[in-house]
Every structure is written in structure tokens, then in C-alpha cells.
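# Descriptive analysis of the structure
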Amino acid sequence: MEIRKRGLSKLESYWGISQDDVSAESCGEARGGLRVSEREDSGRDSQNWYRLSIPPLWPWQTVVIAAGLVLAVLTGLAHAWCVYSIHENLLWFSHLKEVEREISFRTECGLYYSYYKQMLRAPSIQQGLSELISDNATESKRTINLLRRMNIYQEVFLGVLYRILPIQAYLEPVYFYIYTVFSLQAVYVIALFITSWLLSGSWLAGALTGVWYILNRVDTTRVEFTVSLRENWSLPFFALQIAAITCYLRPHLKPIQQKVVLWLMFLATLCFCLTWQFNQFILLVQALIIFTLDCLDLISTEQVTCLYLVQVSSLLSVWLLQFCNSMILGSLALSFIVAALFVKHFQRGLKTGGLAARLGKLLLHTVLVLALTFTINYLAKQALQLRSDEHIFKFIKSKFGLGPTRDFDASLYLCEEAFGLLPLDTFDRLAGTLLAYPYLVTLIVLLVMLALVTLANLCDSSAVGRPQKGRGEARPICMRADVAYNLLHTVFFGLLALGTMRMKYLWTGHMCAFAAYGVCGKELWSLCLNMIHCNTKTKLRLIRYTLPLVILCFLYHKFWPKLMTELSELREFYDPDTVELMTWISSKTPKKAVFAGSMQLLAGIKLCTGRVLTNHPHYEDRALRERTRQVYQIYAHQSPEEVHGILRTAGADFVVMEDSICYERRHGRGCRLRDLLDLANGHIMDGPGDNDPDLVHASHPRFCESVKTDGPAYTALFTRVFQNKTFHVYKLRRGKKRAKGDREPVAMEDKTH
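Residues numbered from 1 in each chain as written. Predicted model: local features only at pLDDT ≥ 70, side-chain atom pairs only at ≥ 80, totals over all residues. Heavy atoms only, no water.

## Some remarks on the nonpolar core
One finds Tyr177 and Trp212 to be the most contacted residues of the largest nonpolar core, which totals 162 residues. Top element by residues in this core is helix H9 (residues 173-200). It accounts for 14 residues. Split by domain, this core shows at least three residues from each of two domains, domain 1 (180-568) and domain 2 (576-732). When neighbours within four sequence positions are excluded, Trp212 is seen to be in contact with Thr433, Leu434, Leu435, Pro438, Cys512, Ala515, Ala516, Val519, Ile551 and Leu555. Counting 32 residues, the second largest nonpolar core, distinct from the first, contains Leu412, Tyr619, Val643 and Leu676. (Core = buried A, V, L, I, M, F, W, Y, C linked by side-chain atoms within 4.5 Å. Buried < 20%, exposed > 50% of the residue type's maximum accessible area, 1.4 Å probe, protein only. Helix = DSSP H or I, 4+ residues; strand = E, 2+ residues; numbered from the N terminus. Domains from an automatic or database assignment. Contact = heavy atoms within 4.5 Å.)

Pasting the structure below:
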């Protein structure tokens, strides 16, 4: 009977089904567990008996698994339908004109979508790729490789796919694009469903995960109004990678199963890295999680090495696909992994000795890895002359008060709400759907268990790397490696989200899966029932299956009417000023005309009109950041000659100024764009309030205001050619008499900055 139980445990662990009818001793066979089986299976005969005994149970197991997979797909499709319906209702998207649809791709979303549009309009696929590799329309006076600079392989792939599939007659290109993005959101929910199912052993946890994700949509996704944002492409693959890691760390996987899961993990990581420029920072956090698991002896050396190699191979593959993008080789993630593997290889006795000795060795190990990481990273950046990502580190330094607060690039991030601390009302919303309570309880209990497991592992160095023998040596606390990984995952990314609100989308989705595991998993309930001395299989099964059903019924009763009301609420896109501007540019300006202005507006101009830009929202290039700061002098205290010289240097023919920026009220004093420019230029800010003593009064009026007066100094250099209630477009004069004089302010400007 004991052999049969162990055989069932292996089968159920493989399929991810509840093990209520199996001895709890199987938990200890995981790498991070502290409770181990008493004996190994006795001989080949008992294994053959096990194989003959299991097949009669397969039909029932197949039915359960099939039902769970069907429910996972239905839950994912429900979420995709919700976000599509809200997107349609917010904009009345199906009734918009083409220019209005394109304007709805706000800020950087419009820039990315323009390359999909460019691939479709190219005479051939080969020419479309060639134009992207040698692009001279995105940044004036520069030819850049867009596939190297930007993460737009998804637009290229969809453009090629739309051209070769026989769907042009009945599906518009824009719908093919947004349907793909919304379908990926279904994949995201399915991946979270599978993760919670693997952790808990019950697909009821997956159903609860999906419902929580949909009801907390405000905090889990923003895809309905930022369709082409990079995170909407990459996070579904990140969720698939987490599900693959969870499966890989489960016990009883055969070698062939481990290889399959590792390949799935690699493909998911590759797609994640290829679709988002911030992939290296996310992988750095994940590498720190793996490093922590290794230091606490919760996963094996082989697993650590395999997980690191998956990350490295994915980053190097993206490096090749992006035409040897130096930012990847100079990433902290790659430097950290190389340092961790190098130090680990030469520190043989790290996990030996008593508690004090092991803590000292771990501290030394951590210091060595971090020191080697920064050394490798510094040398790599010096060798590659890499400075493209320095604005990220400026932002981090300024956020913690370690760097200059007047830096324009850092302040531009710090003043945006998305890069501030996570608002407290987020937890009120999460608590309203009953998500926060089981999440916090699960988090606290598992952190205590993790501390006890870690302490026991560090104290018992003799148990490292080998199973314990005998009933007397079994420890009462158990934590599987897959549970430990997901625990640290939610802790690390939770801290990241608390510090930067935009990063909450990496956390809240996994929070749903983690909380559902707490509700449906047996570890926590077994612990609670043991404390009151009434732990039986029947009671454990009753709680694990009843509680999620009760929560689902409550959520249905409370939120289903609200959800239906929200899905039926109709709105309409309305932005006549921007439509008028785009229409005028398309009909009244040369196709090769170069436009200067704000990054957000220029992305829309690129998409709607195809005109050349001076700058754009993809901020991952040092030269482009410097040009953007120069172009933004149109909103600073500058003379018309200086502004004209700057714009002429950037190659601009037209400049578009926005009243919403010139007279900005969205941000408070000190965070308005004009204030950031004044501080960077050393000028006193407008309006009442304190100023630093070293700031001085500007010698010129604010350009965006004074140019509207049509004074002689301005009309000699700028001609107003278009205006409405929001936008003012000026054409730069290019008279021969001014050509020589234009260069003088530019040279002075370069020396100044």
C-alpha cells in the first residue's frame, strides 16, 4: 500500500493534481523541502507493480485535467473579451475614421504601430525590412537600425503575417493588430491559471486567479487604452516563463520532462526579452531571486545553473537578433549571472560548517558576487563605450536622493506619477475584491516557514545535497522549491512595485495566482488544522474545495452587475484639434518635411502623416535624449535666435507647440516641463514659491509665449502656418542672410551644455 501511495504521488505531482489521497511525505522529496520519505522504493519489482497498478486511474485523471484546461482557456478568453469590449466602448473604435483610430494610439504606442503600418505599405517584405534596418525618417539627419534600437520584432512579425495570410479581404490591418494583443492577454491569464494550479494542485485555484485578475483589471493591466505598449506584448510571455519555472522546480520530473520544460522556459524568456526594452532589469530581479534560493539551499546546484543558462542564452539570442545591441552585453543582469556562476564554481565549501560559519561564508559569497558584478559591468561599458542606459541609473540615484535632482532626464521620470511610489488606494481596491487578505496571510505564513526552513538548512550542513534517512530524521516543516520560488518572486517584485508604481503590473498578476494558491493549497490549511489538532483528509479536502467556491460566489454576486454595467457603458473618441492638425500636416506640408515638438505628439505625427521627426518617445539612446532636451528649449527662456539655431541643427522645417505644455497645470510647480527646463538651465522657475539661491533670472522671455506676439525678432525667423485652440505650428525661415548667423547660437549652445 505504501508503494502504491508513492506511485500515486509521482503521477499526481506530474499532472499537477491534488494529492489529498497521498501521503504528505512526498513533499520532502522536493529540493527545498525538509520533510523526506522514509525509504526508497524497494527494488525493480515494486516499480513494475506500480506501473501496472496506475493505468486504471488514468481516465479519471484525464477528465480532471481536460476540465481544468478547458476552464483555463475559457477564463483567458473571458478576459480577452472584456478588454476588447472596454477598448471598443471607450473609443467607439469600430466607427472611427482611420486618422482617429491612429490618434488613439497615444504617445509611444503610435510610434510602435507606425512600423507595423510601414511594413504593410512597403512594396515587398524584403524592402520593408530594409527600410527598417536603414531608417532615416524616424530621426532627422540620422540613419538608424530600428531593429537594433527598438523592440519592434512583434510589429515586423505581424506585418509579414498579415501580408502572407489570406485575410486582407475581411479583416482590416488595425483589427489584426489589436486582436493579436488581446489574444496575448488571454495567454497571460492562462499562464497565471496554470501557475496557481501547479502550486495548489487544484484548478479551482486557477479559476479564482482568473476571476481576481479580471476584477482587479485597473491594477493588473492597462491594455485596453495602451494597446501597443511593450509590456502588453511581453508580460504574457513572462507569465509563461514563471509557469515553466514553477513546473521545472516541482519534484519527480523525469529528465525528458525537465528538458521539455527548459526549452519552453527558453522560448518564453526569449519572446519576453525580444518584446520589451526593460527586459534586462526584470531578468536581473529574477536572477537575484535564483541567487537567494541557491544561498538558502532551497534548490539544487543543477537547477541554479540551468535557470541561469536559460537567462544568458535568451539575452545572447536577443543580442544577435538585435544586430549586436550593446545595451544587452552591458546589462547588469548578464554581468550578475556571469559573476554568480564564476564565484560559485570556485567556492566549493560554501555549504559546509556550522550556522555561524555558513552565515559568514554566505556574506562573503554575496559580497564577492556583487563586487565582481559591478567590475564586469564597468569594464563591459568602458569597452563598448555604452552610455545609452545611464538615464535609468540617474533616475534610480535621484529617486533615493543619491544623485543630482536637477538632471533633466531623471526629473522627467521622477515627476511622472507612474514612476512614483505605489498609491495607498491600490490596496483598498485589492481588498475590495478579497484579494489582499488571503495574499497577505499566505505571504506572512510562508515567510515564517521560509525562515524556519532556511534556519534548519543552515544549521544542518550534513543534509545538504542528499536526502535524509529514517523516520526519526524527518522534519515537520515543508516547503517545496516551486513554492519557495514563487514566494520570493512575489516579495521581490512587490518591493519593486511599491517603489515604482509602473512596475505594479509585474506584481499584481502574480499576486492573484499566489493568493489563490494560499486559498486552495494544502500546506497552509494543513498547518492550521494541525494547530487545532483536527487535521484529517476529509476536513482538509472540504476546506480547500469549499472556500474558493464561496469566494467565487461572493465575487459573482457583488461584481457581476458592475462588470456588465462597465462593459455596456458607451463613450466616444473626441479630439478634433489633433485630427485637424494631422489632416493639415498630411495635406499642406511636403512628405519629406521634418517636424519638431514634444515626444508624445511627434509619435502621432509619425503614425498619421509619415513625416520625419527630430525626436520621439523611445528614450533609450543618449544622443536622442540630448536632442530632445535641446528641442524642448522651445518651452524654456531662450532667444528666438538660439531656438532657431537649435531647430536648424536638428534639421527641423516645422515646429509644433502645445498650449497644454506651455501653460501646463497637470503637474505642480517644480514638475512642469517648463520648470524642469528652467532648473536644468539654471533659471528661476515661474510662479510663487521658493527657488534655490544659485538660480538666476532668465535674460529672455519664455519662447512658447513670446513667439505668439509676432514680434520682429520672431517673425524674421518663424512664420505661423497653422493654429487652433491647442496647437501652433511655425515654419522655420531659411533665408540666405540668416544661414550664416544661425550657426553661431548653435555653437554657443553646444558649449553651454
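Now that the structure has been shown, we can carry on.
## Some remarks on the environment of Gly210
The topology assignment puts Gly210 in helix H10 (residues 203-215). A relative accessible area of 1% means that Gly210 is categorised as buried. Remark: the alpha-carbon pair of Gly210 and Tyr188, spanning 22 residues in sequence, is separated by 9.7 Å. Leaving out residues up to four positions away in the same chain, Gly210 has contacts with Thr75 and Val189.

## Structural notes on the packing of helix H25 (residues 522-531) against helix H26 (residues 537-568)
Running from N to C, H25 and H26 point in directions that differ by 130°, and their axes come no closer than 10 Å. One finds that H25 runs oblique with respect to H26. Here H25 and H26 pass one another in a crossing that is right-handed. Across the interface between the two elements, Lys522, Trp525, Ser526 and Leu529 from H25 touch Lys539, Leu540, Ile543, Arg544 and Leu547 from H26. Residues of the contact of H25 with H26, tallied by class, amount to 5 nonpolar, 1 polar and 3 charged. (Axes fitted to C-alpha atoms, helices over the stretch in contact; angles between N-to-C directions. Parallel < 35°, antiparallel > 145°, perpendicular 65-115°, else oblique. Left-handed = near helix turned anticlockwise from the far one by under 90°. Nonpolar A, V, L, I, M, F, W, Y, C, P; charged D, E, K, R; others polar.)

## Regarding the sheet that holds strand S2 (residues 612-613)
The strand order across the open sheet formed by 5 strands is S2-S1-S3-S5-S4, and the pairing between neighbours is mixed. Both edges of this open sheet fall to S2 and strand S4 (718-723), since each of them pairs with a single strand only. When strand S1 (residues 594-596) meets S2, the two strands line up parallel, connected through 2 bridges. By the bridge assignment for S2, Val594 is matched with Val612. The strands touched by helix H27 (residues 576-588) within the sheet are S1, strand S3 (654-658), S4 and strand S5 (727-732), with S5 carrying the most contacts at an inclination of about 25°. (Pairing = 2+ DSSP bridges.)

## Some points on a nonpolar patch on the surface
Together, Val70, Val73, Leu74 and Leu77 line one region of the surface with nonpolar side chains, adding up to about 350 Å² of accessible area. You can see Val73 is positioned in helix H3 (residues 58-91). For Val73, a relative accessible area of 39% puts it in the partly exposed group. (Patch = residues over 30% accessible without salt bridge, like charges linked within 9 Å, V, L, I, M, F, W, Y side chains within 5 Å. Areas by Shrake-Rupley, 256 points an atom, 1.4 Å probe, with all protein chains shown as cover. Salt bridge = Lys/Arg side-chain N within 4 Å of Asp/Glu carboxyl O.)

## Describing the pairing of S5
Burial of S5 is extensive: 5 of the 6 residues sit out of reach of the surface. Hairpin remark: S4 followed by S5, antiparallel, with 3 residues in the connecting loop.

## Some remarks on the environment of Val312
Relative to the helices and strands, Val312 is located in helix H15 (residues 301-321). For Val312, a relative accessible area of 15% puts it in the buried group. For the pair Val312 and Leu270, spaced 42 residues apart in the sequence, the C-alpha separation amounts to 10.0 Å. Non-local contacts of Val312, meaning those with residues more than four positions away in its chain, are made with Leu334 and Ile337.

## Concerning the pattern of salt bridges
In total, this model carries 29 salt bridges according to the counting rule given. Note that Arg217 and Glu566 form a salt bridge whose closest N and O atoms lie 2.3 Å from each other. Here Glu566 lies in helix H26 and Arg217 lies in helix H11 (residues 217-220), a separation of 349 residues in the sequence. Residue Arg217 is classed as buried on the basis of its relative accessible area, which comes to 5%. Judged by relative accessible area, Glu566 falls into the partly exposed class, the value being 35%. Linking Arg674 and Asp686 is a salt bridge whose minimum nitrogen-to-oxygen distance equals 3.7 Å. One end of the pair, Arg674, is in helix H32 (residues 673-681); the other, Asp686, is in the loop between H32 and helix H33 (703-706), with 12 residues separating them in the sequence. Overall, Arg674 belongs to the buried group, its relative accessible area being 9%. For Asp686, a relative accessible area of 23% puts it in the partly exposed group. Residues joined in a network through salt bridges with shared partners are Glu139, Arg142, Arg149 and Asp621.

## Some points on the confidence of the model for the protein chain
Per-chain confidence: the protein chain averages 85 in pLDDT, with 87% of residues scoring 70 or above. Between residues 462-473, whose pLDDT stays under 50, and residues either more than four places distant or in other chains, the model counts 17 contacts. In the model, residues 736-753 has pLDDT below 50 throughout and makes 20 contacts with residues more than four positions away in sequence or in other chains. (pLDDT = per-residue confidence, 0-100.)

## Considering the state of the cysteines
In a disulfide, the sulfur atoms of two cysteines are held together by a covalent bond. One pass over the full model with this rule turns up 2 disulfides. One disulfide bridge connects Cys415 with Cys671, the sulfur atoms lying 2.1 Å from each other. Around the S-S axis, the bridge from Cys415 to Cys671 shows a dihedral of about -75° and counts as left-handed. Taken together, the residues span a long stretch of sequence, with Cys415 in the loop between helix H20 (408-414) and helix H21 (425-432) and Cys671 in the loop between helix H31 (659-662) and H32 at a distance of 256 residues. Overall, Cys415 belongs to the buried group, its relative accessible area being 13%. Across the disulfide, Cys662 is cross-linked to Cys704 (sulfur-sulfur distance 2.0 Å). On the S-S bond that ties Cys662 to Cys704, the torsion sits near 80°, and the link is right-handed. With Cys662 in helix H31 and Cys704 in helix H33, this pair connects stretches of sequence that are 42 residues apart. (Disulfide = S-S within 2.5 Å.)

## Topic: the side chain of Gln185
Tracing the sequence through the fold places Gln185 in helix H9. Here Gln185 is in contact with His79, Thr221, Val223, Asn232 and Pro236, once residues within four sequence places are set aside.

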